[in-house]
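Structure assessment
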Amino acid sequence: MIIFKPFHIIPNKTKIQFLNFRFMSIFFSTLLVLISISLGFLGFLNFGIDFKGGILIEARSIGGLADIPKLREDLKKFDLGEINIQEFGNVSDVLIRFQKQEGEESLQAERLNQIKKFLNIEYEVRRTEFVGPVVGKELQRTSFWAIMIALLGILVYIWFRFEWQFAIAAILALFHDVVSTIGLYALTNFEFNLSTVAAILTIAGYSINDTVVVFDRIRENLRKYKSDDQINIMNLSLNETLSRTITTSITTLLALLAIYFFGGEVLSNFTLTMIWGVLIGTYSSIFVASAALSFFKIRLIDFEDEKEE
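Notes on the structure follow.

Parameters at a glance
Residues numbered from 1 in each chain as written. Predicted model: local features only at pLDDT ≥ 70, side-chain atom pairs only at ≥ 80, totals over all residues. Heavy atoms only, no water. Core = buried A, V, L, I, M, F, W, Y, C linked by side-chain atoms within 4.5 Å. Buried < 20%, exposed > 50% of the residue type's maximum accessible area, 1.4 Å probe, protein only. Helix = DSSP H or I, 4+ residues; strand = E, 2+ residues; numbered from the N terminus. Contact = heavy atoms within 4.5 Å. Phe/Tyr/Trp six-rings, centres within 6.5 Å; stacked < 30°, edge-to-face > 60°. Lys NZ or Arg CZ within 6 Å of the ring centre and 35° of its normal. Arc of directions from axis to C-beta. Polar contact = N/O pair within 3.5 Å; in protein donor to acceptor, adjacent residues only side chain to side chain.

Let's shift gears to the nonpolar core. Counting residues in hydrophobic clusters, the biggest one holds 43 residues, and the most contacted among them are I158, F166, F215, I218 and L293. Sorting the residues of this core by element identifies α1 (22-41), α5 (133-161), α6 (164-188), α7 (194-224), α8 (230-262) and α9 (265-293) as the ones contributing at least two each. Residues in contact with I218, not counting those within four places in the same chain, are F166, I233, M234, S237, S290, L293 and I298. Grouped together as the second largest cluster of nonpolar side chains are 19 residues, L71, V94, I96 and Y123 included.

In structure tokens, the structure reads:
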């Protein structure tokens, strides 16, 4: 009988002194956040149709099944800039969105007529709409508040779940993850649209889940080793949760890489954002959240009286 020994990505009982690098990591993370904010304010973000307006066309394939990859390639010859094509309702319907073209209203109408004439060969154009800049500004505002309310809700949860020091450290790590993701979009010129906002909110949820696991172990060890040095306890906690953190990140990355390579162009930007989010979230739970927490005196005064949960 063959017995397979379990494979460990991270060796058991590691003794890495993570918090020896806390000043370096705080400096690096602060620099990353400042660069990301600067790029955002300098207008490097490439806002998509959702935020800056554009033209929307709903069409139905005459042949029954819409060939989205072929349609995307065919429309590239019109030099429309950013094009977003997705299935809409059923396999024969597509939703085509492209950014507002340069020029006067007459030129906009002329370009739209060219597209409709081309589509009418294989598609029935069912409706056309123009997404104006006013709607785009409103979406920018609501997206901003969606992110802020999510961060506030997480802050309140951590405050009740742990103590106020943990809440501050967690929200600093979340702010770092969100802002650095926006900075990534500014630096790479990826399209920033509503799916990006969804990805950012997902990243926030993933990151805080990892941080809560680490914080829970830190609090548990603070009860267990009351006389030990705080930094030693935190390093011990980080090492005890390291295997779980890395394993979760790797399995999530494998799924995301599969989506990136086989999910098509529509999902590529969203998936890349999530890949970045997993990497930066794993980093921040160790080197931002825990590092920030280490600057607080977090000995809990109720240890002696607390009942075991």
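Still to come is the rest of the account.
Going through the model one piece at a time under the given rule, you end up with 13 aromatic pairs. When the ring of F162 is compared with that of F215, the centres are 6.1 Å apart and the planes differ by 85°; the resulting orientation is edge-to-face. A residue pair is termed long-range when its members are at least 10 positions apart, and F162 in the loop between α5 and α6 and F215 in helix α7 qualify at 53 residues. The exposure class assigned to F162 is buried, which follows from its relative accessible area of 5%. Using a relative accessible area of 0% as the deciding quantity, one classes F215 as buried. Ring geometry for Y185 versus F190: centroids 5.9 Å apart, planes at 80°, classification edge-to-face. Following the ring pairs from residue to residue traces out a cluster consisting of F18, F28, Y283 and F287. R22 extends its terminal NZ or CZ atom over the ring of F295, reaching a point 4.8 Å from the ring centre.

Looking now at helix α3 (residues 68-76). By the burial criterion, the buried members of α3 are I68, L71, R72 and L75. For α3, the arc enclosing every buried residue in end-on projection is 100°, short of the 170-degree limit, so these residues lie on one face. Where α3 begins, the capping side chain belongs to D67, and its oxygen is found 3.4 Å from the backbone nitrogen of K70.

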